[in-house]
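An overview of the molecular structure
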Amino acid sequence: MFHTAVAARMGLGMTEEKALDLLQRHGPLTAGELCEHTGLAPASVSGLIDRLEAKELVRRVRDARDRRRVIVEVNHDRLAGFGELFDDLVSGLTELYASYSDEQLELILDFLTRATAVQHAATTRLET
């Protein structure tokens, strides 16, 4: 629900907002890599990139090492104005983290890492 509200404030659809989130977390990606991360079809990803590029939130850049490759990167200058949308969440999470000991946080991190691996494995089984 939070990301839905953020997307609405940014004038984006959920898929556009999640694609931006992926690009910010993983760094520049090719369209094929976006397909892998999102599960979207190549034609859908092309349209998604077109929409984000039209809003000047991303740009397509030729790979310096392989000019045949096109990489999609975030336009950080354009996104800078949206940072305040996350202020309440960041401050709330910072306060929450402070209420746990380092040992408790390590246990929470272990659980989340292992739960993510279980989810990825289940997803892979569904896709094959």
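These lines cover the structure that appears in this document, whether it is placed above or below. For every chain, the first residue of the written sequence is number 1, and numbering continues from 1 onward in sequence order. Thresholds applied to this predicted model are a pLDDT of at least 70 for local features of residues and 80 or more for the giving and counting of side-chain atom pairs; totals over whole chains, interfaces and linings are not thresholded and use all residues. To obtain the side-chain values, all non-hydrogen atoms of the structure were used and water was disregarded.

Side note on the packing of aromatic side chains
Aromatic ring pairs are defined here through the distance separating the ring centres and the angle between the ring planes. Rules: Note on aromatic contacts: the rings of Phe and Tyr and the six-membered ring of Trp form a pair at centre separations within 6.5 Å, being stacked when their planes are under 30 degrees apart, edge-to-face when over 60 apart, and tilted otherwise. Helix and strand labels come from DSSP, where a helix needs a run of H or I of at least four residues and a strand needs a run of E of at least two; each type is numbered from the N terminus. Working definition: with a 1.4 Å probe on protein chains only, accessible area under 20% of the residue-type maximum means buried, over 50% means exposed, and in between means partly exposed.
Enumeration over the complete set of coordinates arrives at one aromatic pair. Ring centres of F2 and F86 lie 5.7 Å apart, and the angle between their planes is 65°; on these two criteria the pair is classed as edge-to-face. On the criterion of sequence distance, the pair formed by F2 in helix α1 (residues 2-10) and F86 in the loop between α5 (76-79) and α6 (87-98) is long-range, its members being 84 residues apart. Overall, F2 belongs to the partly exposed group, its relative accessible area being 32%.

Observations regarding unusual backbone geometry
In the Ramachandran plot, E56 falls in the positive-phi region, its phi being about 60° despite a non-glycine side chain. With a relative accessible area of 52%, E56 lands in the exposed category.

As for the packing of helix α2 (residues 14-26) against helix α4 (residues 42-54)
Our working definition: Working convention: axes come from line fits to C-alpha atoms, limited for helices to the stretch in contact. Angles between N-to-C directions cover 0 to 180 degrees. Angular relationships are summarised with four words: roughly parallel below 35 degrees, roughly antiparallel beyond 145, roughly perpendicular across 65 to 115, and oblique for the angles in between. Residue contacts follow a heavy-atom distance rule, with two residues in contact if any of their heavy atoms lie within 4.5 Å. Residues are grouped as follows: Ala, Val, Leu, Ile, Met, Phe, Trp, Tyr, Cys and Pro are nonpolar; Asp, Glu, Lys and Arg are charged; every other residue, Gly included, is polar.
The contact between α2 and α4 brings their axes to 10 Å, and the two run at 85°. Of the possible angle classes, the one that applies to α2 and α4 is roughly perpendicular. Here α2 contributes T15, E16, A19 and L20 to the contact with α4, which in turn contributes L48, R51 and L52. Each residue belonging to the contact of α2 with α4 can be placed in one class, and the counts come to four nonpolar, one polar and two charged.

Points about the packing of helix α3 (residues 31-38) against α4
The line we're drawing: It is the rotation of the near helix from the far one that decides the hand of a crossing: anticlockwise by less than a right angle makes it left-handed, clockwise makes it right-handed.
At their nearest, the axes of α3 and α4 sit 9 Å apart, and the two run at 110° to each other. The angle between the axes of α3 and α4 places the two elements in the roughly perpendicular class. The chirality of how α3 crosses α4 is right-handed. From α3, A31, L34, C35 and T38 reach across to α4, where they touch P42, V45 and I49. Of the residues in the contact of α3 with α4, the class split is six nonpolar, one polar and no charged.

Quick word on the sheet that holds strand β3 (residues 70-74)
Our working definition: When DSSP locates at least two bridges between a pair of strands, those strands are taken to pair.
Pairing is antiparallel across the open sheet formed by three strands, whose spatial order is β1-β3-β2. The strands lining the two open edges of the sheet, one partner per strand, are β1 (29-30) and β2 (58-62). Those strands touched by α2 are β1, β2 and β3, and its axis lies near 95° from that of β3.

Digging into the side chain of D63
Test applied: Pairing of N or O atoms within 3.5 Å defines a polar contact, subject to two protein rules: one partner must be a possible hydrogen donor and the other a possible acceptor, and residues neighboring in sequence count only if both atoms are side-chain atoms.
Topologically, D63 is positioned in the loop between β2 and β3. A polar contact of 2.8 Å, which involves the side chain of D63, links it to the backbone nitrogen of R65.

Focus on the layout of surface pockets
The following threshold applies: A pocket, in this scheme, is an open set of points on a 1 Å grid over the protein atoms alone with protein on both sides within 12 Å along at least 5 of 7 lines, while a cavity is a set where a 1.4 Å probe fits but cannot get out; residues line either one if an atom lies within 4 Å of a point. Grid points are joined across faces, edges and corners, and a volume is the space filled by probe spheres set on the points.
In this structure, the largest pocket occupies an estimated 490 Å³ of space. Forming the boundary of the largest pocket are 17 residues, of which L22, E36, H37, T38 and H120 lie nearest the centre. Among the residues forming the lining of the largest pocket, the class breakdown is three nonpolar, ten polar and four charged.

Comments concerning the environment of L105
Mapped onto the secondary structure, L105 falls in helix α7 (residues 102-127). The partly exposed category is assigned to L105, whose relative accessible area is 28%. Not counting residues up to four positions away in its chain, the partners in contact with L105 are Y97 and Y100.

A short note on the nonpolar core
How we decide: We define the nonpolar core as a collection of buried residues of types Ala, Val, Leu, Ile, Met, Phe, Trp, Tyr and Cys that are connected through side-chain atoms lying within 4.5 Å of one another.
With 20 residues, the main nonpolar core has M10, L12, L20, L23, L52, L57 and L79 as its most contacted residues. Residue assignment for this core shows that the elements contributing at least two residues are α1, α2, α3, α4 and β3. Residue contributions to this core peak at four residues, all from α4.

Shape is all these values report; function is a separate question.
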